[in-house]
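Take a look at the letters that make up each chain.
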Amino acid sequence: MSLTHTHQFGPDRDADPSPQPSDRTSTGIGTPPVNPRRFHKRTPTGLSKRRPSISAAEDAALESIDNLWKSLSLTPYWSTSPEFQKDFIRHVETSLAHSALLGVRGVDIWTAYFATSLALRDRLILHWNLTQQAHTRVDRKRVYYLSLEFLLGRTLSSTLTNLHLQPLLTKALADMGLDIAQLGDAEPDAALGNGGLGRLAACFLDSLATLNYPAWGYGVRYDYGIFRQEIGEEGEQVEVAEGWLSSGYPWEVRREDVRVLVRFGGWVEDIGAEEREREEMSKEARRWVGGEEVWAVAYDVPIPGYVPTEDEGKSGKKPNHTTNNLRLWSAKPAIEFDFQRFNRGEYEESVRDAQRAGTISAVLYPNDNVYVGKELRLKQQYFWIRASLYDILRRFKKTERGWGELPRQVAIQLNDTHPTLAVPELLRVLVDEEGMEYEEAWPLVVGVFAHTNHTVLPEALEKWEVGMIQRLLPRHMELIYLINWHFLSDVSKKFPDDRDLLGRVSIIEEGHVKMVRMAHLAVVGSHKINGVAELHSDLITKTIFKDFVRVFGKDRFLNVTNGITPRRWLYQANPGLTALIQSKIGTKFLTNLTALHELEQYATDKEFGKRWREVKYRNKQRLAAHVLEVSGIALNCDALWDVQVKRIHEYKRQTLNIYGVVSRWLRLRAMSPTEKRNVVPRVCIFGGKAAPGYRMAKLIIKFINAVARVVNADPEVEGLLQVVFVPDYNVSKAELIIPANDISEHISTAGTEASGTSNMKFVLNGGLIIGTVDGANVEIVREIGDENIFLFGNLAEAVEDLRFAHRYGKVRMDPGLEVVVREIEKGTFGDGREFGELVEAVRGDRDHYLISDDYGAYLHAQDLVDEAYRDQAGWTQKCITAVSKMGFFSSDRSIREYAEKIWEVESVDVNDGVDDN
């Protein structure tokens, strides 16, 4: 008797079932076909309990074997310290080959971290498997979240948080002579992203699991992330390879059996009429052949949801340990080693295919200042999309449903334009491989996809050269032209008298070099398009997607304001504040953030306010210790801490901030000793990475460090002003910086920031905001009240008029900014010519981001900040009130809105779908 094992997550090595019959009824573009649902009984992933083809005796034997397997199964999680300690020692001795006989002196911190993580992962995988079994058996629609970035941060701490295992493991490890905090610090951040896009995706994965939605994330397993940022001797950014995988990543499971062949280049062939008829192929089907091929190999990372405690309203129910999956793809060569070339003495050529394949998943966002960098980016995107869609469709085909039910079982969210190639790829699979006609396939494509837009900047909308796509993805370029032809035909019929409209909405941008507008392709190929903040969603329908609103109607566009997970960004990042809040209102706010409203009654409580300030001071001390270690600067913990940490970009206006710092420094130097005694001391903290090819952003970093060097060495302002740039900003650094803030800066030019989520994190951690009326700042002020935020600057409605005035020389530079510019030009902060590009960017028609227009208002707002901070009791009251009104900004709320408005998915109780017998 032989038993066939089917993997929980991956397909069989050659699993690619033949196409099932389709109920091919189309109701029009963008509308899923209407057909009767085919119900059937599915067995859980793995061995089925009954097989009709075997005898009763064999069935009884299988039952006996099943019972033996169950009796040997691990318990889900430990209930006592010795249970964990036994697993820990087992991994020290067997997985890591250290001897436990040497005791704690025989292991280093890294070994202890790795053994702890492996022991925890073993138990985590049990719920991971049970979750997938439950989702398969309950058989509801699943969500697939496609994002090129997932900034998970450190996994050990977040896993312990979500599973409430921190106290047990803290004691168990302490009994063994180990400090769990040191172990946590040994873990590198998973280098799977760069900025807010990746942090948002990570929050969404946490909320999807916490809310028990059947969901998968799909991304790329970057060998080196984007880069590790160091600061050179002259204050410049230095990019260094971030080898976060060099010593292994204990949380991942390599799925060697889950691999997808990905093709690049080649050519497209016609299919003869005889073959087309014999194979029942569609009239549009063509064959893509030739070119180079690489393997996409899957690595799975379990994502556990937060398990609510009884205090959080779940008493009486069995804990719902939903553990979803993040599948990451790594590129491997189709031919790893060419032995024939090696034997001919062509040693380098013999491994060239392996090296070329490895570059695809080596680095996030290869530098696209050169053509080969652009090409590598395109290859990276298609590699990820091809593998992910194959995996998703393989899972759907196992259900043996007709293709007409695809939108009822599969929801794919395109996070930004990076995954947009999924639109022509799905169409290619349905037309070329599954035998569908375009008219049948296209409604399924639109019914499956939804798209999240993250920018209102036209120049930030992704475009690819037609020639490049034709060379790397020839069949996809044909299909993009086909999609565009059908789309423009529909538009011309609907608006026969508006020929200019066709050019504006076309997926193909005509010009000297033809371009594919990926944002247009995403809009045309998705049934829903959402913005990420109310202002942003309103702006995209009035600017970049204005014409598409005419074509498709307003119902295709909606808003889902971003959110953050309070589990990581309060509970984990700020344990002191969490404990203080918990002492008053319990822990229910961790799964229902609106419960924070109960905190407002303590805003005027003097004792509570005193404890609030003590927590803030300890958080400052924690960050100050880190800054002293990495930068050698001893920060003043009694000062007001002013923080701006985010990706460096001109529209985010770090320049406005640092110019304001220069103005403050000049004012302090001009003060008498008596006047200085009344000054509120300030520490200005910057952080963030600049894209390697973004010259201006890198110059901004160098200028910030130049100002810091001058200010921090000036005895005239000692104790009154400090400036520091924290290098290599990432999730774990954010967990240090954000809880220490008094005021944070979110000062983008109005109408340029889609949402922002760091503003939410800073306020939730007890700080206030100085900001423009942009992104999610608009909704934050609505929730917390304008008395608890410092807003300034021109509104989005005025921006274009101001730019017009700049263009024609009708705007004079702000006098205060002129003073700063003169200091730069005369060499106060180094060679003035070196920073000349920064100066030119605020002069006349080049001040695109309106630094000069908002400068005076910005300095005035900073004066109001100083005035408010002098009243420490009043400041604390503002902070407590603001925190109490942040309930709306939970990623749990965001995910519920996606589930209800876009995906139409329901949560699954994993206990309902698993056989306990």
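All chains use their own residue numbering, which begins from 1 and follows the written sequence. Reporting in this predicted model follows two pLDDT cut-offs: at least 70 for local features of residues, and 80 or more for side-chain atom pairs to be given and counted; totals over whole chains, interfaces and linings ignore these cut-offs and use all residues. In computing side-chain properties, one takes all heavy atoms of the structure into account and sets aside hydrogens as well as water.

Here the axes come from fitting lines to C-alpha atoms, over the contacting stretch only for helices, and the angles between their N-to-C directions go from 0 to 180 degrees. By definition, any uninterrupted DSSP run of H or I lasting at least four residues is a helix, any uninterrupted run of E lasting at least two residues is a strand, and each is numbered from the N terminus. At a closest axis distance of 10 Å, the pairing of helix H12 (residues 371-397) and helix H14 (residues 422-433) adopts a crossing angle of 45°. Taken together, H12 and H14 sit at an angle that is classed as oblique. Handedness of the H12/H14 crossing: right-handed. Facing H12, whose interface residues are Tyr-382, Ile-385, Arg-386, Leu-389 and Leu-393, H14 presents Ala-422, Glu-425, Leu-426, Arg-428 and Val-429. Each residue is assigned to one of three groups, with Ala, Val, Leu, Ile, Met, Phe, Trp, Tyr, Cys and Pro labelled nonpolar, Asp, Glu, Lys and Arg labelled charged, and all others, Gly among them, labelled polar. Classifying every residue of the contact of H12 with H14 by side-chain character gives seven nonpolar, no polar and three charged. Reported orientations rely on four angle classes, namely roughly parallel under 35 degrees, roughly antiparallel over 145, roughly perpendicular from 65 to 115, and oblique for the rest. Two helices cross in a left-handed way if the nearer one is turned anticlockwise from the farther one by less than a right angle. They cross in a right-handed way if the turn is clockwise. What makes two residues a contact is simply this: any of their non-hydrogen atoms within 4.5 Å.

This part covers a nonpolar patch on the surface. Two distance rules govern patches: like charges are joined within 9 Å, and nonpolar side chains (Val, Leu, Ile, Met, Phe, Trp, Tyr) within 5 Å, applied only to residues with over 30% relative accessible area and no salt bridge. The method behind every accessible area is Shrake-Rupley, applied with a 1.4 Å probe, and residues are considered shielded solely by the protein chains displayed. Salt bridge, as used here, is a side-chain nitrogen of Lys or Arg placed within 4 Å of a carboxyl oxygen of Asp or Glu. A contiguous nonpolar surface patch, about 410 Å² in accessible area, is contributed by Leu-68, Trp-69 and Leu-72. Along the chain, Leu-72 turns up in helix H1 (residues 56-72). Partly exposed describes any residue whose relative accessible area lies between the buried limit of under 20% and the exposed limit of over 50%, with all areas from a 1.4 Å probe on protein chains only and scaled to the type maximum. Look at Leu-72 and you get exposed, because its relative accessible area is 64%.

Once that is clear, we can look at the state of the cysteines. Only a pair of cysteine sulfur atoms within 2.5 Å qualifies as a disulfide here. Taken as a whole and judged by the stated rule, the model has zero disulfides. Cys-684 takes part in no disulfide bond, and the closest cysteine sulfur to it belongs to Cys-637, at a distance of 15 Å. Overall, the relative accessible area of 3% leaves Cys-684 in the buried class.

Here we take up the nonpolar core. What makes a nonpolar core is a set of buried Ala, Val, Leu, Ile, Met, Phe, Trp, Tyr and Cys residues whose side-chain atoms join them at distances within 4.5 Å. Trp-329, Phe-383, Ile-412, Phe-449 and Trp-903 are the most contacted members of the largest nonpolar core, which has 154 residues in total. Ranked by residues supplied to this core, first place goes to H12 with 12 residues. Ile-412 has contacts with Tyr-144, Leu-146, Leu-389, Ile-392, Val-448, Phe-449 and Ala-450, leaving out every residue within four places of it along the chain. Formed by 117 residues, the second largest nonpolar core is a distinct cluster that contains Leu-577, Ala-708, Val-711 and Ile-789.

With that settled, consider helix H17 (residues 474-494). Compared with the 30 Å implied by 1.5 Å per residue over 21 residues, the 31 Å span of H17 between its first and last C-alpha is a close match. Among all positions of H17, only Pro-474, Arg-475, His-476, Met-477, Leu-479, Ile-480, Ile-483, Asn-484, His-486, Phe-487, Ser-489 and Val-491 are buried. An expected span of 1.5 Å times one less than the residue number is assigned to each helix.

This next bit is on helix H32 (residues 815-825). The complete set of buried residues in H32 reads Leu-817, Val-820, Val-821, Glu-823 and Ile-824. Down the axis, H32 shows its buried residues gathered within 160° of arc, on one side only. Lining the buried residues of H32 we find helix H25 (654-670), helix H27 (695-712), helix H33 (836-840) and helix H34 (851-870). Where H32 starts, the residue carrying a side-chain oxygen 2.9 Å from the main-chain nitrogen of Gly-816 turns out to be Asp-814. Among the residues trailing H32, Gly-827 stands out with phi positive, at a value near 95°. This arc describes the spread of directions from the helix axis toward the C-beta atoms. Think of a polar contact as two N or O atoms within 3.5 Å of one another; within protein, one of them needs to be a possible hydrogen donor and the other a possible acceptor, and neighboring residues in sequence only count if both atoms come from side chains.

Once that is clear, we can look at empty space enclosed by the protein. Grid spacing is 1 Å over the protein atoms alone, the probe is 1.4 Å, and a cavity is where that probe fits but cannot get out, while a pocket is an open set with protein on both sides within 12 Å along at least five of seven lines and lining residues have an atom within 4 Å of a point. Grid points are joined across faces, edges and corners, and a volume is the space filled by probe spheres set on the points. Going through the model one piece at a time under the given rule, you end up with 10 cavities of 30 Å³ or more. By volume, the largest cavity is sized at about 290 Å³. As for the largest cavity, its lining consists of 20 residues, of which Leu-152, Ser-158, Ala-202, Asp-206 and Arg-568 are closest to the centre. Elements with a contribution of two residues or more to the lining of the largest cavity: helix H4 (155-163), helix H7 (196-210), strand E8 (292-304) and helix H22 (566-572). Considering only residue class, the lining of the largest cavity consists of nine nonpolar, seven polar and four charged.

The next subject is the sheet that holds strand E10 (residues 410-415). In this scheme, strands are said to pair when DSSP sees at least two bridges between them. Spatially, nine strands are ordered E5-E8-E9-E2-E1-E10-E11-E15-E16 in an open sheet, and the strand pairing comes out mixed. Among the strands making up the open sheet, the edge pair consists of strand E5 (253-264) and strand E16 (557-559). When the angles between neighbouring strand axes are averaged without regard to direction, this sheet yields 25°. Where E5 lies against E8, nine bridges are found, and the strand directions are antiparallel.

Glancing now at the packing of aromatic side chains. Any Phe, Tyr or Trp ring, taking Trp's six-membered ring, that has another such ring centre within 6.5 Å forms a pair; planes under 30 degrees apart are called stacked, those over 60 apart edge-to-face, and the others tilted. All chains considered together, the criterion is met by 32 aromatic pairs. Plain terms: the ring middles of Phe-548 and Phe-552 are 6.4 Å apart, the flat faces sit at 10° to each other, and that makes the pair stacked. A residue pair is termed a helical-turn pair when its members lie 3 or 4 positions apart in one helix, as Phe-548 and Phe-552 do in helix H21 (residues 546-552) at four residues. Classification of Phe-552 by relative accessible area gives partly exposed; the value is 23%. Their ring planes at 80° and their centres at 5.1 Å tell us that Tyr-869 and Trp-875 sit as a pair that is edge-to-face.

Here we take up the environment of Pro-815. Here Pro-815 is to be found in helix H32. A residue is classified by how much of its surface remains accessible, and Pro-815, at 49% relative accessible area, is partly exposed. With 40 residues separating them along the chain, Pro-815 and Tyr-855 place their C-alpha atoms 9.2 Å apart.

On to the pattern of salt bridges. For the structure shown, the criterion picks out 70 salt bridges. The closest approach of N and O atoms between Arg-286 and Glu-478, which form a salt bridge, is 2.3 Å. On the criterion of sequence distance, the pair formed by Arg-286 in the loop between helix H8 (273-278) and strand E7 (287-289) and Glu-478 in helix H17 is long-range, its members being 192 residues apart. Note on Arg-286: relative accessible area 21%, which makes it partly exposed. Here Glu-478 falls in the partly exposed class, since its relative accessible area comes to 27%. The salt bridge partner of Asp-498 is Arg-504, with a shortest N-O separation of 3.9 Å. On the basis of relative accessible area, Arg-504 is assigned to the partly exposed category, the value being 37%. Three or more residues joined by partner-sharing salt bridges are found here, namely Arg-255, Asp-300, Arg-327, Asp-391, Arg-394 and Arg-395.

Moving on: the side chain of Lys-702. Tracing the backbone shows Lys-702 in helix H27. A distance of 2.2 Å separates the side chain of Lys-702 from the side chain of Glu-834, its partner in a polar contact. With sequence-adjacent residues up to four places away left out, Lys-702 is seen in contact with Glu-234, Gly-235, Glu-236, Glu-834 and Phe-835.

A separate point is the environment of Met-671. Position of Met-671 relative to the elements: it lies in the loop between H25 and helix H26 (673-677). Taking the relative accessible area as the measure of exposure, Met-671 reaches 25% and is therefore partly exposed. Taking the C-alpha atoms as reference points, Met-671 and Arg-401, separated by 270 residues in sequence, lie 77 Å from one another.

This paragraph deals with the pairing of strand E19 (residues 721-726). Counting buried positions along E19 gives six out of six residues, so the element sits mostly inside the fold. Judged from the six bridges that link them, strand E18 (residues 682-687) and E19 form a sheet pairing that is parallel. For Val-683, the partnering residue across the bridge sits in E19 and is Gln-722. Handedness of a crossover: with both strands directed away from the viewer, a clockwise path from the first strand across the helix to the second marks it as right-handed. In this region the chain leaves E18, passes through H27 and returns to the parallel neighbour E19; the handedness of that crossover is right-handed.

Another point: the packing of helix H2 (residues 81-95) against helix H3 (residues 109-138). Contact geometry of H2 with H3 gives a least axis separation of 8 Å together with a crossing angle of 120°. Both H2 and H3 take part in a crossing whose hand is right-handed. Seen from H2, the contacting residues are Phe-84, Asp-87, Phe-88, Arg-90, His-91, Val-92 and Ser-95; seen from H3, they are Ala-112, Ala-115, Thr-116, Leu-118, Ala-119, Asp-122 and Arg-123. The class makeup of the residues in the contact of H2 with H3 is seven nonpolar, three polar and four charged.

Next up on the list: the sheet that holds strand E14 (residues 515-517). The strand order E12-E14-E13 describes an open sheet built from three strands, whose pairing is antiparallel. Strands with a single pairing partner mark the edges of an open sheet, and in this sheet they are strand E12 (463-465) and strand E13 (508-509).

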